[in-house]
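Structure at a glance
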Amino acid sequence: MLQYTIRKLLAAIPIVFAITIIVFTILHMTPGDPIRILIGFGVGGYAGGDVDDSMIEVLRAKWGLDQPLHIQYVKWLGNIVRGDMGNSIRFRSPVWPLIKARLLPTILLALVGYGIAILLAFPLGVISALRQNSIVDYFSTGFSLFGLSMPVFWLGLMLILLFSVRWGLLPTSGMNGWKTFVMPGFVLGFSLAGGLTRMIRSSLLEVLRQDYVNTARAKGLAERIVIVKHAFRNAAIPVVTIFGLNLAYILSGSVLIETVFAWPGLGRLVFQSLGNRDYPVVQAIVLLGAVVVIFANLTTDLVYGFIDPRIRYE
Amino acid sequence: MTRLRERWRYSLLRQNYVRFRKNKAAVVAGIFLTLLYIAMLFAPRLAPYDPLEIHLLNKLEAPSATFLLGTDDLGRDLLSRLMVGSQISLTVGFIAAGLSLIVGVCMGLMAGYFGKPTDPLIMALVDILMSIPALLLILAIVAIVSPSIFNIMLVLGLTMWAPYARITRGKILSLKEQDFVEGARAIGASHTRIMFRYLLPNALAPIIVMATVSVAGAILLESGLSFLGYGVQPPQASWGAIIGMGRRFLRQAPHMATSAGLAIFFTVLAFNLVGDGLRDALDPRQKNR
């Protein structure tokens with residue numbers, strides 16, 4: 001088990017490495033000079049006033065932007081390894097504190113969203129698997145199709161329209177007390193619940209057809225025990241599998257949801273930084289996101305072992 | 001003619017078609033999409049107004065008999081803008097999904113068929129693509145290349161192929177050990193021929209299902225990009241961009257965001273319904289799963 005974990009960790013290193021190269025290259029090919037934007041404080045690359053070119057050259061040298069790309073990359077990677085993610089060009093401060101300040105809101109939103117998703121998807125998925133072709137089953141199929149087809153940002157706007165503009169019940173933006181969590185959390189949860197409901201339903205149906213479930217019933221166990229003790233455990237594996245993919249989705253979705261609700265999280269920071277051509281911040285966040293997803297996938301791999309002891313790690 | 005009819009009668013295609021027809025929701029969704037795509041082709045002619053024509057006296061007007069879905073912040077007719085905007089949203093969705101299908105299936109075929117050392121390399125690429133949150137990656141790329149409709153299709157297509165590669169590879173791995181492949185090799189078929197004539201047709205069912213679902217995914221992604229302002233640039237407007245505009249006038253003119261969002265929602269829903277229908281028809285073992 002320990003050996004397996006270590007080997008998986010080692011295998012993740014070249015992938016992380018490749019991701020750093022991709023992310024670095026992409027953002028350094030971006031047109032739009034961050035120095036000019038910094039001086040002009042405009043998004044369109046407008047250089048304000050009488051800034052002469054020598055001044056720009058000095059600033060560019062100061063940020064190391066005058067060096068060849070591969071040298072910038074090696075420097076950047078070396079710093080990352082030492083935990084220094086560079087400096088934000090726009091905010092004129094180190095990247096890490098900026099990210100750290102936005103980390104908690106995003107994590108909280110993800111937790112609330114995931115919690116709501118499970119609260120919605122678990123009962124629906126289970127009941128629709130146990131009572132196939134019942135009203136609940138049709139409802140849950142419709143529900144999951146809605147969740148899969150609804151653009152998250154639009155759902156967010158519609159909720160704002162109803163609950164904030166029309167009824168004035170909930171605040172539209174920011175993170176300030178539990179009321180602000182309601183709408184963004186629900187939007188994220190609803191969009192995740194669609195896929196999750198389907199997954200729970202189909203994996204439980206698959207398990208319920210297995211011989212050992214028949215055996216358990218045949219030996220006279222109560223249906224409740226058959227389902228809770230025999231079926232749930234094995235149905236959980238595919239559900240756990242998509243957790244890692246869900247996490248990648250949450251990070252993507254958070255850009256949209258956080259923009260709609262002016263949530264002070266990483267998604268909005270990325271969006272603002274892209275507009276400002278603030279490479280270091282975007283790089284750091286994309287990289288952080290990818291690393292988190294890789295580790296989430298590794299963790300789900302290991303969690304299988306607890307759910308299903310038959311799985312052996314070689 | 002009779003022979004053709006005979007062939008159709010016993011063909012696999014007909015069996016699939018009969019099974020698909022049983023799913024009423026999927027059939028309705030399929031008809032809806034067909035009509036939508038036909039309407040899209042003729043949108044500039046069908047539209048009641050020029051989508052770029054500005055009626056400054058009718059800014060942000062609510063739906064009425066003159067402007068069926070109301071007007072936007074410059075007094076442009078929203079229905080006409082939605083109709084012409086459908087060309088962008090639907091084309092991007094279709095072409096991007098098609099591109100990712102071609103790339104992903106080829107990658108998956110090669111990975112599954114050739115084994116080491118091609119397989120681990122391609123799968124590493126797949127792992128990389130799947131670990132970077134999609135929208136972040138696409139946003140970062142679209143920020144570099146100018147967000148023309150062509151570039152957006154290209155970027156979406158080249159970032160969405162990973163699931164295709166995974167599913168194709170899985171199918172190929174189980175297929176390539178079978179006797180008919182051995183037979184093909186024995187009569188001297190080339191690698192390309194074995195891959196495309198023998199393996200691919202047998203792996204097609206899950207790929208077709210994934211294709212419909214990924215058109216839905218591409219339309220959603222494109223609308224998200226446009227909403228954030230990284231889609232096609234004004235005065236052109238895809239559905240996502242209209243919602244993005246509508247967001248600014250949510251209080252004065254809620255109809256802007258509402259109608260464009262409904263358009264996206266129903267289109268994506270229809271693709272998902274057709275996808276479900278195809279899954280039931282092409283992959284009967286998966287039924288009730």
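Conventions adopted
Residues numbered from 1 in each chain as written. Chains lettered and ligands numbered in written order. Predicted model: local features only at pLDDT ≥ 70, side-chain atom pairs only at ≥ 80, totals over all residues. Helix = DSSP H or I, 4+ residues; strand = E, 2+ residues; numbered from the N terminus. Buried ≥ 20, exposed ≤ 12 C-beta atoms within 10 Å, placed from the backbone. Contact = placed C-beta atoms within 7 Å. Core = buried A, V, L, I, M, F, W, Y, C linked by C-beta atoms within 7 Å. Nonpolar A, V, L, I, M, F, W, Y, C, P; charged D, E, K, R; others polar. Axes fitted to C-alpha atoms, helices over the stretch in contact; angles between N-to-C directions. Left-handed = near helix turned anticlockwise from the far one by under 90°. pLDDT = per-residue confidence, 0-100. Expected span 1.5 Å × (residues − 1). Parallel < 35°, antiparallel > 145°, perpendicular 65-115°, else oblique.

1. A look at the overall build of chain B
- A tally of helices and strands in chain B yields 14 helices and zero strands.
- Mapped from its N terminus to its C terminus, chain B presents α and β elements in the order α-α-α-α-α-α-α-α-α-α-α-α-α-α.
- By principal-axis analysis of the C-alpha atoms, chain B measures approximately 75 × 50 × 35 Å.
- Among the 289 residues that make up chain B, the fraction classed as buried is 46%.
- When contacts within chain B are restricted to residue pairs at least 6 apart in sequence, those whose partners lie at least 24 apart make up 69%.

2. Some points on the nonpolar core
- If you look at the biggest cluster of nonpolar residues, it comprises 152 residues, and the most contacted ones within it are Leu 136, Ile 138 and Leu 156 of chain B.
- In terms of residue count, helix 5 (residues 78-114) of chain B provides more of this core than any other element does, 15 residues in total.
- Excluding its chain neighbours within four sequence positions, the residues that come into contact with Leu 136 of chain B are Leu 251, Ser 252, Val 255, Val 270, Val 286 and Gly 289 of chain A.

3. What about the interface of chain A and chain B?
- Contact residues are listed per partner, giving 39 residues for chain A and 36 residues for chain B.
- Here the side of chain A that touches chain B gets seven residues from one element, more than from any other, and that element is helix 7 (residues 152-166) of chain A.
- When its residues are assigned to classes, the side of chain A that touches chain B shows 31 nonpolar, seven polar and one charged.

4. Digging into helix 3 (residues 53-62) of chain A
- Taken across its 10 residues, helix 3 of chain A has zero buried, putting it largely on the surface.
- Backbone geometry just after helix 3 of chain A places Gly 64 of chain A at a positive phi near 75 degrees.

5. Some details on unusual backbone geometry
- Between Lys 116 of chain B and Pro 117 of chain B the backbone carries a cis peptide bond, its omega angle lying at 0 degrees.
- You can see Pro 117 of chain B is positioned in the loop between helix 5 and helix 6 (118-131).
- Even without being a glycine, Asn 133 of chain A presents a positive backbone phi close to 65 degrees.
- Along the chain, Asn 133 of chain A turns up in the loop between helix 5 (95-130) and helix 6 (135-149).

6. A word on the packing of helix 5 of chain A against helix 8 (residues 179-208) of chain A
All names here are of chain A.
- Packing of helix 5 against helix 8 brings their axes to within 6 Å, and their N-to-C directions diverge by 35 degrees. Classified by chirality, the crossing of helix 8 by helix 5 is right-handed.
- Residue composition of the contact of helix 5 with helix 8, grouped by class: 22 nonpolar, six polar and one charged.

7. Regarding the environment of Ala 101 of chain A
Residue and element names in this part refer to chain A.
- Assignment of secondary structure puts Ala 101 in helix 5.
- Classification of Ala 101 as partly exposed rests on a count of 13 C-beta atoms within 10 Å.
- In sequence terms Ala 101 and Pro 264 are 163 residues apart; their C-alpha atoms lie 8.7 Å from each other.

8. Concerning the confidence of the model for chain A
- Here chain A shows a mean pLDDT of 82. Residues at 70 or above account for 91%.
- Taken together, the stretch residues 42-48 of chain A has pLDDT below 50 and engages in 15 contacts with residues farther than four places along the chain or on a different chain.

9. Thoughts on helix 1 (residues 2-28) of chain A
- Look at helix 1 of chain A: 39 Å from first C-alpha to last across 27 residues, which is about the 39 Å you get at 1.5 Å a residue.
- Taken residue by residue, helix 1 of chain A has Ile 19, Thr 20, Val 23, Phe 24 and Leu 27 of chain A as its buried positions.
- As for helix 1 of chain A, its buried residues are in contact with helix 4 (69-81) and helix 12 (279-307) of chain A together with helix 6 and helix 7 (134-144) of chain B.

10. As for the packing of helix 9 (residues 211-218) of chain A against helix 10 (residues 223-260) of chain A
All names here are of chain A.
- Where helix 9 contacts helix 10, the axes come no closer than 10 Å and their chain directions differ by 150 degrees. Taken together, the axis directions place helix 9 and helix 10 in an arrangement best described as roughly antiparallel. Handedness of the helix 9/helix 10 crossing: right-handed. Contact residues: helix 9 offers Tyr 212, Val 213, Ala 216 and Arg 217, while helix 10 offers Val 226, His 230 and Ala 231.

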